[in-house]
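Listed below are the residues making up each chain.
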Amino acid sequence: SITHPSKRDLALFGVYSVVVIDILSSALTVPVMPFYVSTLCGCDEQGEGCSDPICHRLGGVSSSLGFMFSSFAIAQLLSNAWMGPLSDVIGRRRIMVVTLGGAGVGMLSSSLATSFLMLVASRIFIGFCSGTMSAANAYIADISTPKERPALMANVGTLLQFCFLFGPATGSGLAELDNRAPFWVGAGTSFFALVLAFSFIKPPKDLDLPDSDPLPELSKTTKGASEPEPSPAVAPPTKWGLIGLLALGALLSNIATGCFMVCEALFLKAVFGWESLEFGFVMTGSAVFSIIVRIFFFNKIQTSLGLMKTAAIGAALGSFAYAGYTALSGSVLSMYAFVILA
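Residues numbered from 1 in each chain as written. Predicted model: local features only at pLDDT ≥ 70, side-chain atom pairs only at ≥ 80, totals over all residues. Heavy atoms only, no water.

Section: the overall build of the protein chain
This is how the line gets drawn: Runs of E in the DSSP output that reach at least two residues are strands. Runs of H or I that reach at least four are helices, and both are numbered from the N terminus. Each residue gets one of three labels from its accessible area relative to the maximum for its type: buried under 20%, exposed over 50%, partly exposed in between, using a 1.4 Å probe on protein chains only. By definition in these notes, contact holds between two residues if any of their heavy atoms fall within 4.5 Å. All accessibility values rest on the Shrake-Rupley procedure with a 1.4 Å probe; residue burial counts only the protein chains present in the view.
Along its length, the protein chain carries 13 helices and 0 strands. Secondary structure elements in the protein chain, listed N-terminal to C-terminal, are α-α-α-α-α-α-α-α-α-α-α-α-α. For the protein chain, with 342 residues in total, the buried portion stands at 35%. Sequence separation of at least 24 residues holds for 77% of the intrachain contacts in the protein chain that already meet a minimum separation of 6. By element, 69% of the accessible surface of the protein chain is carried by carbon and sulfur atoms, the whole surface being about 19500 Å².

So this is what it looks like as structure tokens:
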């Protein structure tokens, strides 16, 4: 209830607020990161001839940016090995305090970076401390019934889209003041989320949790004897081929998205001369369209065609968009074509 929230309602509000602020702090830095790396590397207009020795050895700003993102992703992957088991031991709130505090320190360290190596070290530290969303989903599972759990967890994905609706544009605007400003604000929001986590997220035993759905009792005969138990249904065989195909599709899609995110800002600068401000609004526009598709079209399309056909259409449209990018030039018509593709 909004007017009379229970302890669990306040806990849900707290965990959703923590997720929003944590994602927003990351979204603030996305549009400025390529240009920030270019500044630290001391590269020329073509992204080559870098004064930083590591960037020079890597071959320029593009490869340096890819190296930094890969280092962060590896650290994030390794953190999953200890973050989940540790949260089971010390509790979800404490693990979120660790992750949010680590994100705040990492953001602050990123803003103070004087070299590419220091920035990479800061991003690796943030990667090792990442896990707020995983802990949030685990906490939601702890305080919800199986029936309501899918809807409550789906809200996290929706919040992610809304964060990327406002975050990049805000971050690119802050970068007009100083290219370190998004990191300063990101650090502040992470520490603010830490305070919210400590204040609102309580152990499940301290909340007024709803009772789980009771299992239906076996019906009794008129003589009081139990009906014979029905034979258990035979589970269908696991379709490992289909699972492998889905996993491969997800892997290739994420690789394509990752490569595109690394190169998009530098590509737009080379083709249109755009900087972080324009790039931030491009990301906002993409997020707006993504939300519209998710809310108004996705359920209708997947209900009509099925999930596999819907996924195939999405993959085909993505391939068409990526291929279309290669045909762009610096003309105004090409700019409109880019907006459609994005």
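Thoughts on the nonpolar core
Inclusion rule: The nonpolar core is taken to be a set of buried Ala, Val, Leu, Ile, Met, Phe, Trp, Tyr and Cys residues, with the residues joined through side-chain atoms within 4.5 Å.
In this structure, Val15, Met96 and Tyr139 are the most contacted members of the largest nonpolar core, which totals 25 residues. Of the residues forming this core, the biggest block, 8 residues, is contributed by helix 1 (residues 7-29). Other than its neighbours up to four places away in sequence, Tyr139 contacts Ala11, Val15, Arg92, Met96, Ile201, Lys202, Pro204 and Leu207. Val37, Cys50, Leu119 and Leu266 belong to the second-largest nonpolar core, a separate cluster that totals 24 residues.

Describing the state of the cysteines
Think of a disulfide as a covalent bridge from one cysteine sulfur atom to another cysteine sulfur atom. For clarity, the cut-off: Put simply, a disulfide is two cysteine sulfurs that come within 2.5 Å.
Per the stated rule, a full pass over the model turns up 1 disulfide. The disulfide partner of Cys41 is Cys55, and the S-S distance across this bridge is 1.9 Å. Because the torsion about its S-S bond is -50 degrees, the bridge between Cys41 and Cys55 counts as left-handed. With a gap of 14 residues between them, Cys41 in helix 2 (residues 33-41) and Cys55 in helix 3 (residues 53-58) connect regions that are remote in the sequence. Exposure class is identical for Cys41 and Cys55. Each is buried.

Focus: the confidence of the model for the protein chain
Rules: Across the chain, each position has a pLDDT score giving the predictor's confidence in that residue, from 0 to 100.
Taken as a whole, the protein chain shows an average pLDDT of 82; of its residues, 89% reach a score of 70 or greater. Taken together, the stretch residues 213-223 has pLDDT below 50 and engages in 6 contacts with residues farther than four places along the chain or on a different chain.

Remarks on a nonpolar patch on the surface
Basically, it comes down to this: Candidate patch residues must exceed 30% relative accessible area and have no salt bridge, after which like charges are joined if within 9 Å and Val, Leu, Ile, Met, Phe, Trp or Tyr side chains if within 5 Å. Whenever Lys or Arg places a side-chain nitrogen within 4 Å of a carboxyl oxygen from Asp or Glu, that contact is recorded as a salt bridge.
Taken together, Val288, Ile292, Ile295, Phe296, Phe297, Ile301, Leu305, Ile313 and Leu317 make up a surface patch of nonpolar side chains, about 790 Å² in accessible area. Taken together, the elements giving at least two residues each to the nonpolar patch come down to helix 11 (276-305) and helix 12 (307-325). Here the element with the most residues in the nonpolar patch is helix 11; it accounts for 7 residues.

Details of the pattern of salt bridges
On inspection of all chains with the given rule, the structure shows 3 salt bridges. Arg8 is paired through a salt bridge with Glu148; the nearest N and O atoms lie 2.6 Å apart. Linking Arg8 in helix 1 with Glu148 in the loop between helix 7 (132-142) and helix 8 (149-175), this pair joins segments that are 140 residues apart in sequence. On the basis of relative accessible area, Arg8 is assigned to the buried category, the value being 11%. When the shortest N-O distance is used, the salt bridge between Asp88 and Arg92 registers 2.8 Å. Residue Asp88 is classed as exposed on the basis of its relative accessible area, which comes to 58%. Overall, the relative accessible area of 15% leaves Arg92 in the buried class. The network of salt bridges with common partners includes Asp88, Arg92 and Asp142.

Description of the packing of helix 2 against helix 6 (residues 116-128)
Here is the rule: Between the N-to-C directions of two axes lies an angle of 0 to 180 degrees, each axis being a line fitted to C-alpha atoms and, for a helix, fitted only over the stretch in contact. For classification purposes, angles smaller than 35 degrees are called roughly parallel, those larger than 145 roughly antiparallel, those between 65 and 115 roughly perpendicular, and all remaining angles oblique. Under the scheme applied here, ten amino acids are nonpolar (Ala, Val, Leu, Ile, Met, Phe, Trp, Tyr, Cys and Pro), four are charged (Asp, Glu, Lys and Arg), and all others, including Gly, are polar.
Axis separation between helix 2 and helix 6 bottoms out at 9 Å; the angle between their running directions is 140 degrees. Comparing their axes, helix 6 and helix 2 come out oblique. For the pair helix 2 and helix 6, contact is made by Met33, Tyr36, Val37, Leu40 and Cys41 and by Phe116, Leu119 and Arg123, respectively. Grouping the constituent residues of the contact of helix 2 with helix 6 by class yields 7 nonpolar, no polar and 1 charged.

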